[in-house]
2 protein chains.
Amino acid sequence: MKLETRKHEIIKTAAKLFKEKGYSAVTMRDIATAMGIKAASLYNHISSKQEILKEIIISLAEEFTTGMELIVNSNNSNLDKLSQIITLHVTITTNNTSGMASLNNDWMHLEDQLDYYLELRNKYEETFLNIINQGIKSSEIKKVNPEIIMFSMLSTLRSLYLWIPNKEASNANVIANNLSTILIQGINK
Amino acid sequence: MKLETRKHEIIKTAAKLFKEKGYSAVTMRDIATAMGIKAASLYNHISSKQEILKEIIISLAEEFTTGMELIVNSNNSNLDKLSQIITLHVTITTNNTSGMASLNNDWMHLEDQLDYYLELRNKYEETFLNIINQGIKSSEIKKVNPEIIMFSMLSTLRSLYLWIPNKEASNANVIANNLSTILIQGINK
DNA sequence: GTCTATAACACGATAGAC
DNA sequence: GTCTATCGTGTTATAGAC
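What comes next is a walk through the structure. (Residues numbered from 1 in each chain as written. Chains lettered and ligands numbered in written order. Predicted model: local features only at pLDDT ≥ 70, side-chain atom pairs only at ≥ 80, totals over all residues. Heavy atoms only, no water.)

This brings us to the overall build of chain A. Helix and strand counts for chain A stand at ten helices and zero strands. The N-to-C order of helical and strand elements in chain A reads α-α-α-α-α-α-α-α-α-α. Counting only C-alpha atoms, chain A reaches 60 × 35 × 30 Å along its principal axes. Looking at chain A as a whole, 49% of its 189 residues are labelled buried. In chain A, 69% of the contacts between residues at least 6 apart in sequence involve partners at least 24 apart. Taking the average place of the 20 positive charges on the side chains of chain A and the average place of its 20 negative ones, the gap between the two points comes to 6 Å. (Helix = DSSP H or I, 4+ residues; strand = E, 2+ residues; numbered from the N terminus. Buried < 20%, exposed > 50% of the residue type's maximum accessible area, 1.4 Å probe, protein only. Contact = heavy atoms within 4.5 Å. Lys, Arg positive; Asp, Glu negative; His and termini not counted. Charge placed at Lys NZ, Arg CZ, Asp CG, Glu CD.)

Here we come to the packing of aromatic side chains. Inspection of every chain in the model, using the stated rule, returns eight aromatic pairs over all chains. On the numbers, 5.8 Å between centres and 80° between planes, the contact of A:Phe64 with A:Tyr124 is edge-to-face. Of this pair, A:Phe64 sits in helix α4 (residues 49-72) while A:Tyr124 sits in helix α7 (residues 114-137); the two residues are 60 residues apart in sequence, bridging distant segments of the chain. A:Tyr124 carries the same exposure label as A:Phe64, and that label is buried. Note on B:Phe18 and B:Tyr23: the rings are 5.2 Å apart at their centroids and 75° apart in plane angle, and the pair reads as edge-to-face. A residue is classified by how much of its surface remains accessible, and B:Phe18, at 2% relative accessible area, is buried. Its end group placed over the ring of A:Trp107, A:Arg121 keeps NZ or CZ at 4.6 Å from the ring centre. Over the ring of B:Tyr23 we find B:Lys49; its NZ or CZ atom is 4.3 Å from the centre of that ring. (Phe/Tyr/Trp six-rings, centres within 6.5 Å; stacked < 30°, edge-to-face > 60°. Lys NZ or Arg CZ within 6 Å of the ring centre and 35° of its normal.)

Facing 38 residues of chain A, the contacting portion of chain B comprises 38 residues. Buried area between chain A and chain B, summed over both chains or domains, comes out near 3,600 Å², and the portion from carbon and sulfur atoms is 62%. It is A:Lys142, A:Phe151 and A:Ile187 in chain A that bury the most area against chain B; as a group they hold 21% of the surface buried on that side. At the surface where chain A touches chain B, the tally comes to zero salt bridges. Those elements that place two or more of their residues in the side of chain A that touches chain B are α1 (5-21), α5 (78-95), α8 (146-158), α9 (160-163) and α10 (172-185) of chain A. It is α8(A) that provides the largest number of residues to the side of chain A that touches chain B, a total of eight residues. Of the residues that constitute the side of chain A that touches chain B, the class distribution is 17 nonpolar, 14 polar and seven charged. (Buried area = accessible area lost by both parts, 1.4 Å probe. Salt bridge = Lys/Arg side-chain N within 4 Å of Asp/Glu carboxyl O. Nonpolar A, V, L, I, M, F, W, Y, C, P; charged D, E, K, R; others polar.)

Before going further, it helps to spend a moment on the protein's contact with DNA strand D. Near DNA strand D there are 15 residues, and of these A:Arg6, A:Lys38, A:Asn44, B:Arg29 and B:Lys49 occur at the shortest range. A distance of 3.5 Å is found between a base oxygen of DNA strand D and a side-chain nitrogen or oxygen belonging to A:Asn44. The backbone of B:Lys49 places a nitrogen or oxygen atom 2.8 Å from a phosphate oxygen of DNA strand D. Looking at the surface near DNA strand D, the elements that each hand over two or more residues are α3 (39-42) of chain A together with α2 (28-35) of chain B. Of the residues belonging to the surface near DNA strand D, the class tally is six nonpolar, five polar and four charged. (Near = heavy atom within 4 Å. Polar contact = N/O pair within 3.5 Å; in protein donor to acceptor, adjacent residues only side chain to side chain.)

These figures capture arrangement, not role.
Written as structure tokens, this is what we have:
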């Protein structure tokens, strides 16, 4: 997977540009210029602009799917599972901040892989909601609308890519712990 | 302001399309087709594609600025001010869901008005952070990193546009109340 | 207020030399 | 692996008829 160095370089450069302006506003010439080469040269390593987007998004979506499966199959309490989900998002976002921007904002520009992406996302949200519902049933979690709980948590976690790069000082653990406190315990003293 | 009916119609149609695919991926032809006319006809009512984006984003940004000024100048407790901010976001988003997508995702494509937009946004976040800091000082709010608190709340509030349209059943008040509970009191029972 | 026609340019992608 | 040159198409925007 790390053997195709040049291809990976293109994907990394593209992801950074996609984060700034979005997939549609970034041209092959932009990507090439950022790498110090000409646009035509990119096609020796990738087949199309679309392939770049696919590589960025699908690998991340699969990473979340794998992570969620590990969490849901553990024997932890439901609140602990939620904390693990927070850590999952913080970890993946820390390792690939630019890619997370595309996952959040450019998934609709996927062509062949759009259905597959939506399948993974729906499954992820279904599992997430299940954990919240079980937490309510077992009296670990307040009886608030479970969909609003998930929406609120997911909104914060999906926006991490905007915020983590500006917090070079803190490491992933500190952020995950702070977020667990805020999202689970609330801010009211 | 409501006198230029046709212009407003274009902006409304454009905002809906921008929400689906983003500013850069929507063409003047797309907007025209959605209105049942030809692209050239749009230019009798607006001067450029850029002007459409400006109208969508700046009016919303100013709405938030005005709303925040009212809140911060009130005599309520800091926790109540946070609740009022939540209501502000829910209300504005309910009234202009499509526009909120552009405000969140396409602000970087502003040309002449980019600096002005950033000014408004920075001021807004500064005021927001101030309320949290004062709430911590007055022991209303837990002593957690105030920036993470703001980030978490703002992430949820800025994502409302994704979620509110799918919740036709609930009204704005119900959503605002649920969010206040979750964001302020937490979900832990 | 909308149309057709078109200018002027940017886009993704390919061909073929080195 | 990168280049120059270019194709075919799509883009914003304008001109001028109706």
